[in-house]
Amino acid sequence: MNLAIPDYRQLSPAVAARFERIRQRPVILSIQDLEKKFGTDGATHTAFDNVSLDIHRREFICVIGPSGCGKSTLIRIVAGLDEATGGAVLLDGHAVTGPGPDRGMVFQGYTLFPWLTVRANVMFGLEMRGKDTTTAESEAREWLDMVGLGKFEHAYPHELSGGMKQRVAIARALANEPRILIMDEPFAALDAQTRCQMQSYLLQIWKKVDVTILFITHDLEEAAYLADRIVVMGANPGRVVEFIENPVPRPRSAAQFLTAEYLSLKARLEELIHPPTETGEEDRLPMVKLTNVGDDVE
Amino acid sequence: MAHRDWLGLKMELPRKRRLLLTLLSFLAPVVLWSAVSYVPWLWHPLVRITAQGDVDYFAEDMDVPRADFDRELAKTRAAGTTPPEGHRVNPLYLPAPHEVARAFYTAFTTEPRLPNEPWLHESLGHSIRTIFWGFVLSSLVGVPLGILCGSYRFFSRLQEPFIEFFRYLPAPAFGALCVAILGIDDGPKIAIIFIGTFFQQVLVIGNTVRKVDPALIEAAQTLGASRWRLVRRVIIPASITDIYTDMRILLGWAWTYLIVAEVVGTMSGITYFINQQARYRNFDNVYAAIMMIGIIGFSTDLILAWLGTVLFPWKRKTRTASGRPSLWSRLRPKPIPA
Ligand SMILES: Nc1ncnc2c1ncn2[C@@H]1O[C@H](COP(=O)(O)OP(=O)(O)OP(=O)(O)O)[C@@H](O)[C@H]1O
Ligand SMILES: [Mg+2]
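Remember, predicted model here, so these are calculated numbers, not experimental data.

### Some thoughts on the overall build of chain B
Piece 1. When its secondary structure is counted, chain B shows 13 helices and three strands.
Piece 2. Along the longest, intermediate and shortest principal axes, the C-alpha atoms of chain B span 100 × 65 × 40 Å.
Piece 3. The buried share of chain B, taken over its 338 residues, is 38%.
Piece 4. When the 36 basic and 26 acidic side-chain charges of chain B are each reduced to a single mean position, those positions are 18 Å apart.

This is how it looks when you write it as structure tokens:
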């Protein structure tokens, strides 16, 4: 089946101009020829290599790729939690050597501190940076209001739903006013409806806050909805396969899901992530014989 | 469905059933004990002589095996002499529940026989003091050391191999040494409790601290925490509830070392009391004293468990989970209506 879908690279003039403007902005994060190998001399396993990427100020970057292509490893290196075996990560031109508050991190598993109330969780980073309690308190409250959880400041994390926990985690990371917000499949554990809501919340927050976002996902639609640029990675070893400039204009909405831009982007992503097999046959599991099923099963 | 099932795997039972089962777990042994004590044909292997009859070696209030009594009874009957009289009893070392229950009161009011002998409450007080100091001294060193070992591989590699070795040396083996070094009073007893607790404590707490979710530590690092603050603000609070549970279990172990500790040097505390009462053959008092140790230990643990829910509000079940509002939500100031 072949639908006539336009090439996603034929950007509308408005979108093309937007990317031109983004390229003019200063580079916040520069990943240069990064490589990560696991294991000691004998049997090494290359998680990824040859990864280079410049992220401009206030850009929203999504990294997408099959499981095991090294997405998590890549951003753990950016966050300073792992060390690369080659290449460099520069933040504002300075090499990253360890974790620090200039790179906020939101994990899939929330990682809120269960012994602290919601507000104290948000205050944690502020206190680490030496702010006094009253300042930290009022700033934390502002950030909680920003993510719509002002009413829950005294609750403990276990009293919140998954979506609310992740909003607290976002507020906690943003409260440090990081240069870049790194998110590793932050909404993957949420149900579909909450995930949609969270995606739109995130765009609203990003609109209000001067922050650059590096967002990992394996959900094509999520990447298409959120990103300015999409970095598509392939596995074995992990490599960047393609940089895609998202042709869907902002502000984004569900109504765009049927526009030519969105469909062309989606088609290209599908092509990259789920390439057709070489023989041209459908990639399917063998049929398993069913036994002892009644007549009502066909 | 879940509520009809008494044997759901790993499923918590409703409150009423939990209480019922708790009651039953105590009731079952008491019922067994009562049966053996009050139903004569279940055991009662002895006969207490109430009248000597014409048997020379019998005396009033003497307990003889049933076979002997029956033999003498048959003999007197055959010879036509006066038969002995008596009723079946259990051995002295198995008093009936009501006797032990009475002893719970009378043991406190029984005046000591010797001039220097302590009263029961003094003995108990002495035992509790010994445990308290042994455990507190051990914890003062053991808890910080355990946290260090759990947090830094350096301390773990430096300390734990030796502690692991020392842990296998039975604490009572040090009794004679402790007396030689610390004298015969309370010093060596506290030292035995210390030795029995400390080495386990460091290892157990070290392990607990090592189990802290590394994701929490990483999250804190990306928020700007490092080194000592990571320990103080993340590792300790993240493991404190489990450390608390460890401490409750360790305190239980300290109690099991008590009896050994108290025979070191001059015998003291509850052990002395039990020994004296056994010597006077007041076995009801012996049972009462042993049970008192259990009651003190058990109720301390209950109090500590309750205290835990006050100290660590984040571990409390939510309102929806337990059906009751949390202390936090009850103490929280009510919102002012607009
Ligand atoms: N600590 C480690 N030791 C050895 N190999 C590792 C380690 N961590 C990751 N790897 C390997 O590196 C590769 C990339 O892993 P990574 O978790 O980054 O993938 P991912 O793209 O995030 O996958 P997913 O989408 O499933 O999260 C995998 O092949 C994995 O086996
Ligand atoms: Mg991953």
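### Digging into the sheet that holds strand E6 (residues 103-106) of chain A
Residue and element names in this part refer to chain A.
Piece 1. Within the open sheet, the six strands sit side by side as E6-E7-E8-E3-E9-E10. Their pairing is mixed. In the strand order of this sheet, the two ends are held by E6 and strand E10 (239-245), each with one partner. If you compare each strand with its neighbour and ignore which way they point, the axes differ by 20° on average.
Piece 2. Relative to strand E8 (residues 212-217), strand E3 (residues 60-64) runs parallel, the two sharing five bridges. Residue pairing for E8: Ile61 is matched across the bridge by Leu214.
Piece 3. Against the sheet, helix H2 (residues 71-79) engages E3, E6, strand E7 (180-184), E8 and strand E9 (229-234), with an angle of about 150° to E7.

### Here we look at the side chain of Lys189(B)
Residue and element names in this part refer to chain B.
Piece 1. Examined against the element boundaries, Lys189 turns out to sit in helix H7 (residues 186-210).
Piece 2. Buried charge without a partner: Lys189 forms no salt bridge, and the closest opposite charge is Asp186, 5.1 Å away.
Piece 3. Beyond its immediate stretch of four places on either side in the chain, Lys189 contacts Thr130, Ile184, Ala261, Glu262, Val264, Gly265, Thr266 and Ser268.

### Some details on the site of ligand 1
Residue and element names in this part refer to chain A.
Piece 1. In the vicinity of ligand 1, the residues found are Phe38, His45, Ala47, Ser67, Gly68, Cys69, Gly70, Lys71, Ser72, Thr73 and Glu185.
Piece 2. Here Gly70 contributes a backbone N or O atom positioned 3.0 Å from an oxygen atom of ligand 1.
Piece 3. One of the side-chain nitrogen or oxygen atoms of Lys71 is found 2.7 Å away from an oxygen atom of ligand 1.
Piece 4. Protein chains shield 57% of the accessible area of ligand 1, which is 630 Å² for the free molecule.
Piece 5. Of all elements in the fold, only strand E2 (45-56) and H2 reach the threshold of two or more residues within the shell around ligand 1.
Piece 6. When the residues that make up the shell around ligand 1 are grouped by side-chain class, the tally is three nonpolar, six polar and two charged.

### Thoughts on the pairing of E8(A)
Residue and element names in this part refer to chain A.
Piece 1. Among the six residues that make up E8, six are buried, leaving the element largely enclosed by the rest of the structure.
Piece 2. Neither face of E8 is exposed, since Thr212, Leu214 and Ile216 on one face and Ile213, Phe215 and Thr217 on the opposite face are all buried.
Piece 3. Here E7 runs beside E8; their pairing, made up of five bridges, is parallel. Bridge pairing in E8 links Met183 to Phe215.
Piece 4. This β-α-β element, E7 to helix H6 (residues 192-208) to E8, shows right-handed connectivity.

### Considerations on the interface of chain B and chain A
Piece 1. At the interface, 22 residues of chain B touch 25 residues of chain A.
Piece 2. Our count for the chain B to chain A interface comes out at two salt bridges.
Piece 3. A salt bridge links Arg233(B) to Glu127(A); the shortest N-O distance between them is 3.0 Å.
Piece 4. The interface formed by chain B and chain A holds five residue pairs in polar contact (both at pLDDT 80 or more) in total.
Piece 5. Put simply, the parts of the chain that give the side of chain B that touches chain A at least two residues each are helix H8 (214-222) and helix H9 (227-262) of chain B.
Piece 6. The biggest single contributor to the side of chain B that touches chain A is H8(B), with seven residues.
Piece 7. When its residues are assigned to classes, the side of chain B that touches chain A shows 12 nonpolar, four polar and six charged.

### Some remarks on the environment of Phe155(B)
Residue and element names in this part refer to chain B.
Piece 1. Turning to its location among the elements, Phe155 is positioned in helix H5 (residues 153-166).
Piece 2. Here the alpha-carbon distance between Phe155 and Gly206, two residues 51 residues apart in the chain, equals 10.0 Å.
Piece 3. Those residues within four positions of Phe155 in sequence are excluded, and the remaining contacts are Leu148, Cys149 and Glu160.

### Observations regarding the domain arrangement of chain A
Residues and elements named next belong to chain A.
Piece 1. For chain A, the assigned domains read domain 1 (1-25 + 58-81 + 93-102 + 178-275) and domain 2 (112-177).
Piece 2. Taken together, the contact between domain 1 and domain 2 spans 16 residues of the former and 13 residues of the latter.
Piece 3. Here domain 1 meets domain 2 over a buried area of about 1200 Å², counting both sides, of which 81% is carbon and sulfur.
Piece 4. For the domain 1 face of the interface with domain 2, the top three residues by lost area are Pro178, Met198 and Ile205, together amounting to 39%.
Piece 5. Between domain 1 and domain 2 we count zero salt bridges in total.
Piece 6. Here domain 1 is connected to domain 2 by one residue pair in polar contact (both at pLDDT 80 or more).
Piece 7. Taken together, the elements giving at least two residues each to the side of domain 1 that touches domain 2 come down to E7 and H6.
Piece 8. When residues in the side of domain 1 that touches domain 2 are grouped by element, the largest group, six residues, is from H6.
Piece 9. Looking at the side of domain 1 that touches domain 2 residue by residue, the classes come out as 13 nonpolar, one polar and two charged.

Here is what the cut-offs are and how they apply
- Residues numbered from 1 in each chain as written.
- Chains lettered and ligands numbered in written order.
- Predicted model: local features only at pLDDT ≥ 70, side-chain atom pairs only at ≥ 80, totals over all residues.
- Heavy atoms only, no water.
- Helix = DSSP H or I, 4+ residues; strand = E, 2+ residues; numbered from the N terminus.
- Buried < 20%, exposed > 50% of the residue type's maximum accessible area, 1.4 Å probe, protein only.
- Lys, Arg positive; Asp, Glu negative; His and termini not counted.
- Charge placed at Lys NZ, Arg CZ, Asp CG, Glu CD.
- Pairing = 2+ DSSP bridges.
- Axes fitted to C-alpha atoms, helices over the stretch in contact; angles between N-to-C directions.
- Contact = heavy atoms within 4.5 Å.
- Salt bridge = Lys/Arg side-chain N within 4 Å of Asp/Glu carboxyl O.
- Near = heavy atom within 4 Å.
- Polar contact = N/O pair within 3.5 Å; in protein donor to acceptor, adjacent residues only side chain to side chain.
- Areas by Shrake-Rupley, 256 points an atom, 1.4 Å probe, with all protein chains shown as cover.
- Nonpolar A, V, L, I, M, F, W, Y, C, P; charged D, E, K, R; others polar.
- Right-handed = clockwise from strand over helix to strand, strands pointing away.
- Domains from an automatic or database assignment.
- Buried area = accessible area lost by both parts, 1.4 Å probe.

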